[in-house]
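Read off the chains here:
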Amino acid sequence: MDTEKKSSHNFFKDLFSNLFGSKDEESEKRRKIKSISKKFNKSKYNKYYKFSSNEISPSFPKLFYDIYKIILPSQRMFESYKNPGIFKKIVINHFIPDDLKQIEVSLTEENLKSLAKEIPIDHLKTTVEERLTAFNDFFTAEIVSKIETTYKQLMAFKDFCEFDYFFMLKKFNKSLSESNINQISSFDKISAEYIADDIKDFADIIYSMPDFQDWTELFEVLKYMKTSSSITPSTWKKIITKITSLRLSNALQMMIQMITNDPNYVIVKKEPVQSITERYLETMRAETTSVISKLVTQDKLNKTSASLSELFGNNSVQLLKYYTEETSQELKSKQLSPFSYCNALNYLKAFMIYIAKSELRDFYDIIIVRGKWESPVLCAPVSNAYHSLTFVSDKITMFDEELAETKPTGMKIKNLLPKAARDNSSRNIINRVVSDTNNMAFEIINTTMRNIIIIGKIIKSLVDDLSKPKPEMLTNWHEVEHFCEEPIRSYLIKLYKKIYQFNVLIQSNTSKE
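Cut-offs and rules
Residues numbered from 1 in each chain as written. Predicted model: local features only at pLDDT ≥ 70, side-chain atom pairs only at ≥ 80, totals over all residues. Heavy atoms only, no water. Helix = DSSP H or I, 4+ residues; strand = E, 2+ residues; numbered from the N terminus. Buried < 20%, exposed > 50% of the residue type's maximum accessible area, 1.4 Å probe, protein only. Contact = heavy atoms within 4.5 Å. Pairing = 2+ DSSP bridges. Phe/Tyr/Trp six-rings, centres within 6.5 Å; stacked < 30°, edge-to-face > 60°. Lys NZ or Arg CZ within 6 Å of the ring centre and 35° of its normal. Axes fitted to C-alpha atoms, helices over the stretch in contact; angles between N-to-C directions. Parallel < 35°, antiparallel > 145°, perpendicular 65-115°, else oblique. Left-handed = near helix turned anticlockwise from the far one by under 90°. Nonpolar A, V, L, I, M, F, W, Y, C, P; charged D, E, K, R; others polar.

## Structural notes on the environment of Asn136
At step 1: Within the secondary structure, Asn136 is located in helix α6 (residues 121-137).
At step 2: Since its relative accessible area comes to 25%, Asn136 is described here as partly exposed.
At step 3: Note: C-alpha distance between Asn136 and Arg285 (149 residues apart in sequence) is 9.5 Å.
At step 4: Once residues within four sequence positions are removed from consideration, Asn136 is found in contact with Leu281 and Arg285.

## Some thoughts on the sheet that holds strand β3 (residues 190-191)
Strand pairing in a sheet is mediated by backbone hydrogen bonds. Such pairs are either parallel or antiparallel.
At step 1: In spatial order, the strands read β1-β2-β3; together these 3 strands make up an open sheet with antiparallel pairing. Edge positions in the sheet fall to β1 (49-50) and β3, since each of these pairs with one other strand and no more.
At step 2: Sheet topology note: the β1/strand β2 (residues 55-56) ladder contains 2 bridges and is antiparallel. Bridged to Lys50 within β2 is Glu55.

## Focus: the packing of aromatic side chains
At step 1: A full pass over the atoms with the stated rule returns 31 aromatic pairs.
At step 2: For the pair Tyr65 and Phe187, a centre-to-centre distance of 5.4 Å together with 65° between the ring planes defines the contact as edge-to-face. You can see Tyr65 sitting in helix α2 (residues 59-79) and its partner Phe187 sitting in the loop between α8 (165-169) and β3, a full 122 residues away along the chain. The same class applies to Tyr65 and to Phe187, which are both buried.
At step 3: The aromatic ring of Phe483 is capped on one face by Arg370, whose charged end is 4.0 Å from the ring centroid.

## So, the packing of helix α18 (residues 408-416) against helix α19 (residues 424-466)
At step 1: Interaxial distance between α18 and α19 falls to 10 Å at its minimum, and their mutual angle equals 150°. Here α18 is positioned roughly antiparallel relative to α19, judged by the angle of their axes. In terms of crossing hand, the pair formed by α18 and α19 is left-handed. Residues Thr409, Lys412, Ile413 and Leu416 of α18 pack against Ser426, Ile429, Ile430, Val433 and Thr437 of α19.
At step 2: Taken together, the residues of the contact of α18 with α19 break down into 5 nonpolar, 3 polar and 1 charged.

On their own, these measurements won't tell you what the molecule is for.
This is how it looks when you write it as structure tokens:
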């Protein structure tokens, strides 16, 4: 029985709540607004707004008018800066001494390119790193704190100056124009709803202003900017005092609450600006590193081009059909693993065709076959190395042909490539095939270069042996020399230099940078 009574009571309670709840909410809102009105009327800013008629009095625009006349030159100055990002640079530059500014200028792309023409690329990389370190070391915690504080002040000052005072004041005096700004003496009262949004915008600005006691550094920056601002530190201090008092009184928030009939309206303070110093240093290092990377790449290309010309003349070095940079770029464009050793393997193929089959074969005929060696132990390594080279060209061709679309490996890549964008399984298979292919290419290069280096070392030893009063490696140098079209020592030195140069070329095209 008690349960039924309780249920009946809750039913009628909910019913009355639904019938009269909305009226209670309106009543509560009116009660809150009335309370806000009483509190506002007790403040020293009650002259700005009349709640009973919902009107803004002329004394309110007078406050803004007095501020506007002072900040107008600064407002125009800020408008002249088309790139808002420049202010970060201006503040940071204000604190950087002249010697560091010279370092910064030396790290521009144009100056780095000029420097790259004067010193070796490795020396350039070391120099740049030293300069970056010296530049970064200047930015101690104390300096960074000053920079961040001054930037926040400048942004707060900028926001304050860029508020559209003229647009709001025009609502109180239609004859107002920027040309007669100093001649206006009176303003009309207007309905508050016409400037509710203006008050909100201004309130957002002053509520978000940092509480700084000392604004001295800001005016040093303004001098640095060569602004014609008419605001002096003492004038700005007076303005700050006024708006701080206005903000602490909450008068603007109360006005907005009454004008919009929203007692719960709260002015939200904007998030402070993000740190600029760390981002600035990171960007500077990233841009400098990018330039150096481009210069290193270009230096490598220049050296490669020069080496190819000296080694192979005008002969083509793009000899592979399928293991190519073009195919590698296609794989890259689909976010797949690329071919890693296209250039190196092409150059190795060229070496086999243009040097191994001619100059190394002549060396073998003249030195290995016709030479009388003191010991077979000295001769065996170079003989074995040479014979191993005779199979390399065909081995590279067979390797390359396996990537043809008619062969299993090439066919697999061709069939799976269109699916790679949407099918992880296809991507994984292609990446695995490419990885295996790269490993095979590297093995061919690595094994072949070991044999070429063996031949190079023997040639160097033979050059050294020729310089001895009594040669120890070959006993018939005079006979051997008859089969050479130039002095045997010059011939061996030229051949050794080619092998050394080729070794450097291959290393630069197989190293992981």
